[in-house]
Structures are given as structure tokens and as C-alpha cells.
Amino acid sequence: EPGEDDLAALMREVAEELGVGIVGATVRHAGHFAAPADGNPDKTVEIEAYTAEYVGTLSAGFEIAEHRFLSSAEADLASTALRQILQHLKAKNVID
């Protein structure tokens, strides 16, 4: 939304799309990632990634077909950008 910072956007989007609340004090910037868009290698996807704790029960929202947790061993199921994020989080001992 116009004028919204990353934290506000993160909290709003997670609530809208996954039905849970982010615990603001636990939000940590995980990094900036850029990768070719899946299916359109002429375009680049740029992502600011964050980790955080949440409260509530996850449920797929309007724009989400399904949700699941992935380990770094399942990175081949993800987009190029998400594979980069999973590899980074694994190297930092945040996941797995």
C-alpha cells in the first residue's frame, strides 16, 4: 500500500493471505534476494525476506492455493528466488 513500510506490509499481507498475526518483536530481516522470474527469465524477481514468529492457525487465503512448510531438501519444489532464500536460511542455521 502507498506509504507502507516493509514491516507494515509484511504484517498486513501475512494476516490477509495466511490468516495469522506476526509477532512484531520477532521479525528479522533475512536478506535481499534477486532471481530470474520463473517462466520469464527476462524479468527479475526481487524479494526482501523476513523471518518471524506468528500466532494463530495458518489457512490459505484468497491468493494462496495451498501452503506448506519446506525444508532446504525440498528446494526443488520452489521457485528460483525461494530456492535462494531456503539455501541462505539453511546456511545460517535458521531452518532444518
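Above this text sits the structure in question.
Described below are features of the structure shown in this document.

Cut-offs applied
Residues numbered from 1 in each chain as written. Predicted model: local features only at pLDDT ≥ 70, side-chain atom pairs only at ≥ 80, totals over all residues. Heavy atoms only, no water. Salt bridge = Lys/Arg side-chain N within 4 Å of Asp/Glu carboxyl O. Helix = DSSP H or I, 4+ residues; strand = E, 2+ residues; numbered from the N terminus. Buried < 20%, exposed > 50% of the residue type's maximum accessible area, 1.4 Å probe, protein only. Polar contact = N/O pair within 3.5 Å; in protein donor to acceptor, adjacent residues only side chain to side chain. Contact = heavy atoms within 4.5 Å.

### Observations concerning the pattern of salt bridges
Consideration 1: Across all of its chains, the model carries six salt bridges by this definition.
Consideration 2: Through salt bridges with shared partners, one network takes in Glu1, Glu4, Arg12, Glu13 and Glu16.

### Let's talk about the side chain of Thr26
Consideration 1: Positionally, Thr26 belongs in the loop between strand E1 (21–22) and strand E2 (28–37).
Consideration 2: For Thr26, a relative accessible area of 18% puts it in the buried group.
Consideration 3: A polar side-chain atom of Thr26 sits 2.7 Å from the main-chain carbonyl oxygen of Val23.
Consideration 4: The residues touching Thr26, leaving out its near neighbours within four places in the chain, are Thr51, Ala52 and Glu53.

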